[in-house]
Amino acid sequence: MIKYVFWAWYAIGSLLLIWFSIPESLQFSSGLFLVLFAVYAIDLLAKGYVQGQMSDWSVILPYKKPERYLWLMAALIWTGGMTVEWIGVHTGRLFGIYEYSSMLGVLLYGVPFTLGFAWIAVVLNAALISYDFGQRGFRFLTVRAIQVGFWSVLLDLVLDPVAHARNFWKWDGGGGFYHVPWSNFAGWLIVSALLSLCLPNLRISHSAARRGTRLYQAILILFGLISLREGLPLCAVIAGLGAALAEGSLRYAGSRQIEKL
């Protein structure tokens, strides 16, 4: 059910964002999109786990209903994401000096509550397209964390300049990448990698990785097209390269005969 709701919302939102504009009466839709994005990513991850890697996590994870466990992990990521955003807004550390508008929802101490869902969506979507490369245990967590950090920063290189141009949030000062300081991307790399450690040490099926790749590509393409409208051509180039790289990564995983379900 969530799949159809998300893609319907994505299609309608894409038309409004790319070709028209969002009416004031529908300003809440951007924040709601982040919530739907997060819930869809949780659903894909819950249905995509492959039982088989025995670890400390495997004792805790309820294999018959992993979605219950993932909701708990999602709550931890939401809390962690909101915490670092609060630190960033009030101290200027991690992401640079910036502030949020209310366009993404009600502000909690200066941070839209939907930003926690954005962190869930980005981290889980990145985890869906990350692979174990034959590693297990701590090595698996490390390899996945590095990949999650990479995929998250790649997405942020497109997302943040567009969000800045659309006044979702604003950085003080100039420089950086389309007025987004480089420290922001370093912060995303570190935070997303650390938040990925909340997720269980289990493999993802090839079908779930494929769906996760399509989701990741869809978000990149959406913001890449919006970036052209906003006069941010390098973001569009990065979006295209990122979509192609995600596809190549998926095909590489398939060539290594990762289990297909």
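Structure first, text after, so check above.
Residues numbered from 1 in each chain as written. Predicted model: local features only at pLDDT ≥ 70, side-chain atom pairs only at ≥ 80, totals over all residues. Heavy atoms only, no water.

### Concerning the overall build of the protein chain
Here is step 1: In terms of helices and strands, the protein chain carries nine helices and six strands.
Here is step 2: Counting all 261 residues of the protein chain, 53% fall into the buried class.
Here is step 3: Within the protein chain, contacts between residues at least 6 apart in sequence are counted, and of these 78% link residues at least 24 apart.
Here is step 4: By element, 67% of the accessible surface of the protein chain is carried by carbon and sulfur atoms, the whole surface being about 12400 Å². (Helix = DSSP H or I, 4+ residues; strand = E, 2+ residues; numbered from the N terminus. Buried < 20%, exposed > 50% of the residue type's maximum accessible area, 1.4 Å probe, protein only. Contact = heavy atoms within 4.5 Å. Areas by Shrake-Rupley, 256 points an atom, 1.4 Å probe, with all protein chains shown as cover.)

### Re a nonpolar patch on the surface
Here is step 1: There is a patch of nonpolar side chains on the surface, built from Trp86, Val106, Leu108, Tyr109 and Phe113 and spanning about 550 Å² of accessible area.
Here is step 2: With respect to the helices and strands, the residue Phe113 is situated in the loop between strand 4 (111-112) and helix 5 (115-128).
Here is step 3: By relative accessible area, which is 32% here, Phe113 ends up partly exposed. (Patch = residues over 30% accessible without salt bridge, like charges linked within 9 Å, V, L, I, M, F, W, Y side chains within 5 Å. Salt bridge = Lys/Arg side-chain N within 4 Å of Asp/Glu carboxyl O.)

### A word on helix 7 (residues 182-195)
Here is step 1: Relative to the 20 Å expected for 14 residues at 1.5 Å per residue, helix 7 spans 20 Å between its end C-alpha atoms, a close match to the ideal helical length.
Here is step 2: Every buried residue belonging to helix 7 is among Asn184, Phe185, Gly187, Trp188, Val191, Ser192, Ala193 and Leu195, and all of these are buried. (Expected span 1.5 Å × (residues − 1).)

### Description of unusual backbone geometry
Across the chain, the bulk of peptide bonds are trans and the bulk of non-glycine residues have phi less than zero.
Here is step 1: A positive phi is found at Tyr109, a non-glycine position, where the angle reads about 55°.
Here is step 2: On the secondary structure map, Tyr109 appears in the loop between strand 3 (107-108) and strand 4.
Here is step 3: Notably, Asn167 is not glycine yet its phi reads approximately 65°, a positive angle.
Here is step 4: Following the sequence through the fold, Asn167 ends up in the loop between helix 6 (137-165) and strand 5 (169-171).

### Comments concerning helix 5
Here is step 1: Over its 14 residues, helix 5 runs 20 Å from end to end, which matches the ideal 20 Å to within 8%, given 1.5 Å per residue.
Here is step 2: Most of helix 5 is tucked away, with 13 of its 14 residues classed as buried.

### What to know about the pattern of salt bridges
Here is step 1: In this structure the tally under the stated criterion is four salt bridges.
Here is step 2: In this structure, the salt-bridge partner of Lys47 is Asp43, at a minimum N-O distance of 3.3 Å. Here Asp43 and Lys47 lie together in helix 2 (residues 28-48), a separation of four residues that amounts to about one turn.
Here is step 3: The residue Glu230 makes a salt bridge to Arg166 at a minimum N-O spacing of 2.5 Å.

### Details of the environment of Ala41
Here is step 1: In this fold, Ala41 is placed in helix 2.
Here is step 2: The class of Ala41 is buried, set by a relative accessible area of 0%.
Here is step 3: Remark: the alpha-carbon pair of Ala41 and Ala126, spanning 85 residues in sequence, is separated by 9.5 Å.
Here is step 4: Apart from the residues within four sequence positions on either side, Ala41 is in contact with Ala121, Leu124, Asn125 and Leu128.

### Quick word on the nonpolar core
The nonpolar side chains of a soluble globular protein tend to be buried with one another.
Here is step 1: Counting 78 residues, the largest nonpolar core has Phe6, Ile77, Trp119, Leu124, Leu199 and Ile219 as its most contacted members.
Here is step 2: Filtering out sequence-adjacent residues up to four positions away, Phe6 remains in contact with Phe33, Leu36, Phe37, Tyr40, Leu215 and Ile219. (Core = buried A, V, L, I, M, F, W, Y, C linked by side-chain atoms within 4.5 Å.)

### Regarding the packing of helix 5 against helix 6
Here is step 1: Look at helix 5 against helix 6: their axes get within 9 Å of each other, and the N-to-C directions meet at 120°. In this view, helix 5 runs oblique relative to helix 6, as classed from their interaxial angle. As helix 5 runs across helix 6, the sense of the crossing is right-handed. The segment helix 5 lies against helix 6, with Val122, Val123, Ala126 and Ala127 engaging Val148, Trp151, Ser152 and Leu155.
Here is step 2: Its residues assigned to classes, the contact of helix 5 with helix 6 comprises seven nonpolar, one polar and no charged. (Axes fitted to C-alpha atoms, helices over the stretch in contact; angles between N-to-C directions. Parallel < 35°, antiparallel > 145°, perpendicular 65-115°, else oblique. Left-handed = near helix turned anticlockwise from the far one by under 90°. Nonpolar A, V, L, I, M, F, W, Y, C, P; charged D, E, K, R; others polar.)

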